[in-house]
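Descriptive analysis of the structure
Chain residues, written in single-letter form:
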Amino acid sequence: MDLSVNDAFVFMGGTFDPIHFGHLRTALEIQQWLGVKQVNLIPSKVPVHRNAPGCSSEQRLAMVQHAVAEEPALVADAREIESTQDSYTLFTLQALRQEQGSTTPVCMVMGMDAYLSLPGWREWQAFLDYAHIIVVARPGYRIQPDDTMAQFTERFGVSDTSELLSKPHGHVLIHEMTPLGISATQIRQLVAQGQSPRYLFPDPVWAYIKEHNLYGYNQD
């Protein structure tokens, strides 16, 4: 099958509570590594696998939009927030496959911890019916999956991008890269403590947090 790499739809989902340079740098490196036109960042509306976010879905989307405004390779994608469905990954993948057609490669980017937790996700074994999974791992990682994920990785794993993008869906590729040691939890704690989180995320995101008094920010 002759598939164009540039036509692939690549996305990272997440709470982005708030979005920071760790998210942004990972997405940009993935875009450059794959040679695709862009990577879409999809904030979840109401995450079903973790605690409620510290601000509304619309505010989290706005922060993503501010963060990527000057970077054409990254796109803020509102599909989950605008959807009337719950933020289950399966629903997003099904909608993307219908939107992109049967031949376009669709790639979902996720971290190793999230990947290893997939057996707790709704109908996770159907994900590869709609997309590929790209797993971001630290250099020299030592994967320690349970038997279920070991078998899943062995069965569907590939070792290079050409093999991954030779099909529209169905593969897992583990990509080693060094993520920035930044967490959204750290940022929220700094804001709540009255300390500056600047240089952990783009200045427009910090300005938005201050303007809307998010995460316990108090200008006094």
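Residues numbered from 1 in each chain as written. Predicted model: local features only at pLDDT ≥ 70, side-chain atom pairs only at ≥ 80, totals over all residues. Heavy atoms only, no water.

**So, the overall build of the protein chain**
Rule in force here: The helix count covers DSSP runs of H or I at least four residues long, the strand count covers runs of E at least two residues long, and both are numbered beginning at the N terminus. Here the globule rule is a power law, 2.2 Å times the number of residues to the power 0.38, and the radius of gyration is based on C-alpha atoms. Only protein chains enter the accessibility calculation, which uses a 1.4 Å probe; a residue is then buried when its area is under 20% of its type maximum, exposed when over 50%, and partly exposed in between. Pairs of residues are marked as contacts when any of their non-hydrogen atoms sit within 4.5 Å. Areas reported here follow the Shrake-Rupley algorithm with a probe of radius 1.4 Å; residue values treat only the protein chains shown as occluding. Positive charges are assigned to Lys and Arg, negative charges to Asp and Glu, while His and the chain termini are left out of the count. For this purpose, a charge sits on NZ of Lys, CZ of Arg, CG of Asp or CD of Glu.
Secondary structure assignment for the protein chain yields nine helices and seven strands. In terms of overall dimensions, the protein chain is globule-like: its C-alpha atoms have a radius of gyration of 17 Å, near the 17 Å expected for 220 residues. Expressed as lengths along the three principal axes of its C-alpha atoms, the size of the protein chain is roughly 60 × 35 × 30 Å. Put simply, the protein chain has 220 residues, and 48% of those count as buried. Of the contacts made within the protein chain by residues no fewer than 6 positions apart, 74% connect residues no fewer than 24 positions apart. Total accessible area computed for the protein chain in this model is approximately 11,100 Å², and 44% of it derives from carbon and sulfur atoms. On the protein chain, the mean spot of the 15 positive side-chain charges and the mean spot of the 24 negative ones are 3 Å from each other.

**Regarding the sheet that holds strand β7 (residues 172-176)**
Going by this rule: Pairing between two strands requires that DSSP report at least two bridges joining them. To obtain each axis, a line is fitted to C-alpha atoms, and for helices this fit is confined to the stretch in contact; angles are then taken between N-to-C directions over 0 to 180 degrees.
Taken in spatial order, the seven strands make up an open sheet running β3-β2-β1-β4-β5-β7-β6, and their pairing is parallel. Either end of the sheet is taken by a strand with one partner, and the two such strands are β3 (74-76) and β6 (157-158). In the sheet, strand β4 (residues 106-111) pairs with strand β5 (residues 132-137) via five bridges, with the strands oriented parallel. Following the sheet pairing, Val109 is matched in β5 by Ile134. Along the sheet, helix α2 (residues 57-68) contacts β1 (9-14), β2 (39-43) and β3; its crossing angle with β3, the most-contacted strand, is approximately 155°.

**Some words on the confidence of the model for the protein chain**
What counts, and what does not: Per residue, pLDDT measures the predictor's confidence, with a range of 0 to 100.
The pLDDT averaged across the protein chain works out to 92; a share of 94% of its residues lies at or above 70. Per-element averaging of pLDDT across the protein chain places helix α5 (residues 112-116) at the bottom with 93 and β3 at the top with 98.

**Some remarks on the nonpolar core**
Counted only if it meets this: Put simply, buried Ala, Val, Leu, Ile, Met, Phe, Trp, Tyr and Cys residues joined by side-chain atoms within 4.5 Å make one nonpolar core.
Core analysis: the biggest nonpolar cluster contains 41 residues, and Val10, Ile19, Ile30, Leu41, Met63 and Ile209 have the highest contact counts within it. Sorting the residues of this core by element identifies β1, α1 (21-34), β2, α2, β4, β5, α8 (184-192) and α9 (203-212) as the ones contributing at least two each. Residue contributions to this core peak at five residues, all from α2. The residues contacting Ile209, other than those within four sequence positions of it, are Pro18, Met63, Val191, Phe201, Leu214, Tyr215 and Tyr217.

**Describing the pairing of β7**
With five bridges joining them, β5 and β7 adopt parallel strand pairing. Within the sheet, the bridge partner assigned to Ile133 lies in β7 and is Val172. The sheet contact formed by β6 and β7 spans two bridges and is parallel. Across the sheet, Val158 pairs through a bridge with Leu173, a residue of β7.

**Looking at the packing of α2 against α9**
Going by this rule: Put simply, a crossing is left-handed when the front helix is turned counterclockwise from the back one by less than a right angle, and right-handed when it is turned clockwise. Basically, the charged four are Asp, Glu, Lys and Arg, the nonpolar ten are Ala, Val, Leu, Ile, Met, Phe, Trp, Tyr, Cys and Pro, and anything else, Gly included, counts as polar.
Where α2 meets α9, the axes come as close as 8 Å, and the angle between the chain directions of the two elements is 145°. With respect to the hand of their crossing, α2 and α9 are arranged in right-handed fashion. On α9, the residues touching Gln59, Ala62, Met63, His66 and Ala67 of α2 are Pro204, Val205, Tyr208, Ile209 and His212. For the contact of α2 with α9, the per-class residue count stands at seven nonpolar, three polar and no charged.

**Section: the layout of surface pockets**
Note the threshold: Definitions used throughout: a 1 Å grid over protein atoms alone; a cavity as a set of points that fits a 1.4 Å probe which cannot get out; a pocket as an open set with protein on both sides within 12 Å along at least five of seven lines; a lining residue as one with an atom within 4 Å of a point. Grid points are joined across faces, edges and corners, and a volume is the space filled by probe spheres set on the points.
What the largest pocket holds in volume is close to 1,400 Å³. Gly13, Gly14, Met110, Gly111 and Ala114 are the residues nearest the centre of the largest pocket, which is lined by 45 residues in total. Listed by contribution, the elements that provide at least two residues to the lining of the largest pocket are β1, α1, β4, α5, β5 and α8. Grouping the amino acids of the lining of the largest pocket by side-chain chemistry returns 22 nonpolar, 16 polar and seven charged.

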